[in-house]
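Structure assessment
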Amino acid sequence: MILTYYTATTMIIIAYLLGSIPSAVWIGKKYYGIDIREHGSKNAGTTNMLRVLGRRAALPVFALDFLKGFVAVTLIEMLKYDENVNDMWLINIKIIAVFAAVLGHIFPIFAGFRGGKGVATLVGAVTGIYPPVALLCFGVWFVVLMVSHYVSLASMVAGCCFPVFTLVSPKVNQSVPFVVFSFVIAVLLIFTHRKNIERLTRGTESKIYIWKPRRIKTGDTPPHGKDRSDAPR
């Protein structure tokens, strides 16, 4: 049993370390020469990368943040081969791993404990526990984003839908720890977005247009693709 506790504790620490991988910070510094935490909302996350550096920078950040949450929880599956760990223990340890991974993203040991809000990491981690609920929440997030263009609002609405989807799902609604976990996550998302709520009420929150067409200002590009240097002076 001591070995079981040791293994579980080690995996929780690994979950935190995985969550601490500051993909936004490293990509920003490596490929764009900036610390993303000094620009925009000053968060090391997908939304700020999209706002400051665009889709090309934001997509790999989202993928990596999602993946580190997913891997952190999926690793816990190895404990099911331990005869001392039953199904209830397994899901409880997974829930702890979710918190550890998200905590690592918010307070990354590899980036001076200054990270992001952990939404993408949270989505990846919840997907590692029960994918259908995570996919439903992502669907809500996407629809709200497309309608409102507010990432913060989409994240909060999707987070509040999480406990609702959990309660109506027959595979997890009988797990009291998971139900409690879903409500805690909803509350935490509202709490971490409190500044965004203030900006939303004031009408100063920034909008995100994922597929906004690029506008070319008149005179920026000469007709017929000619270079300005070729124009008569």
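As a reminder, the structure under discussion sits directly above these lines.
The notes below deal with the structure included here. In this text, all values refer to a predicted model and were calculated from it rather than measured experimentally. (Residues numbered from 1 in each chain as written. Predicted model: local features only at pLDDT ≥ 70, side-chain atom pairs only at ≥ 80, totals over all residues. Heavy atoms only, no water.)

1. Section: the overall build of the chain
The criterion, for reference: Think of it this way: any DSSP run of H or I at least four residues long counts as a helix, any run of E at least two long counts as a strand, and we number them from the N terminus. The cut-offs for exposure are 20% and 50% of the maximum accessible area for each residue type, with area from a 1.4 Å probe on protein chains only; residues under the lower value are buried, those over the upper are exposed, and the others partly exposed. Note on contacts: a residue pair qualifies if any of its non-hydrogen atoms lie within 4.5 Å across the two residues. Using a 1.4 Å probe, the Shrake-Rupley method yields the accessible areas, and only the shown protein chains count as cover for residues. Positive charges come from Lys and Arg alone, negative charges from Asp and Glu alone, with His and the N- and C-terminal ends not counted. By convention, the point assigned to a charge is CZ for Arg, NZ for Lys, CD for Glu and CG for Asp.
Along the backbone of the chain there are ten helices and zero strands. In the chain, the succession of helices and strands from N to C terminus is α-α-α-α-α-α-α-α-α-α. If you line up the chain on its principal axes, its C-alpha atoms span 85 × 35 × 30 Å. Within the chain, buried positions represent 41% of all 233 residues. In the chain, 62% of the contacts between residues at least 6 apart in sequence involve partners at least 24 apart. If you sum the accessible surface of the chain, you get close to 13,600 Å²; carbon and sulfur atoms cover 66% of it. The average position of the 25 basic charges and that of the 12 acidic charges among the side chains of the chain differ by 10 Å.

2. Focus: the nonpolar core
Soluble globular proteins tend to bury their nonpolar side chains together. To keep it simple, the criterion reads: What we call a nonpolar core is a set of buried Ala, Val, Leu, Ile, Met, Phe, Trp, Tyr and Cys residues that are connected through their side-chain atoms within 4.5 Å.
Formed by 43 residues in total, the largest nonpolar core has its most connected members in Leu-79, Val-98, Phe-162, Phe-178 and Phe-181. Elements with a minimum of two residues in this core: helix H1 (2-19), helix H4 (55-74), helix H5 (87-106), helix H6 (119-129), helix H7 (131-148), helix H8 (151-168) and helix H9 (176-192). If we ignore the near neighbours within four places in the chain, the residues touching Phe-162 are Val-126, Val-133, Cys-137, Phe-178, Phe-181, Ser-182 and Ile-185. Ala-24, Ala-57, Ala-58 and Val-61 belong to the second largest nonpolar core, which has ten residues in total.

3. What about the state of the cysteines?
Stated precisely, the cut-off is as follows: Sulfur atoms of two cysteines make up a disulfide when they are within 2.5 Å.
In the structure shown here, the tally under the stated rule is zero disulfides. Just so you know, Cys-137 is unpaired, no disulfide at all, and the nearest cysteine sulfur is the one on Cys-161, 6.6 Å from it. What makes Cys-137 buried here is its relative accessible area of 12%.

4. Re the packing of H9 against helix H10 (residues 194-202)
A packed helix pair is summarised by two numbers, namely the angle formed by the two axes and the spacing between the axes. The condition that has to hold: A fitted line through C-alpha atoms serves as each axis, taken over the contacting stretch for helices, and the angle formed by two N-to-C directions is quoted from 0 to 180°. To sort the angles, those under 35 degrees are grouped as roughly parallel, those over 145 as roughly antiparallel, those from 65 to 115 as roughly perpendicular, and the leftovers as oblique.
Two elements in contact, H9 and H10, have axes separated by 4 Å at closest approach and are oriented at 60 degrees. In terms of orientation, H9 lies oblique with respect to H10. Of H10, the residues touching H9 (which contributes Ile-190, Phe-191 and Thr-192) are Arg-194, Asn-196 and Ile-197.

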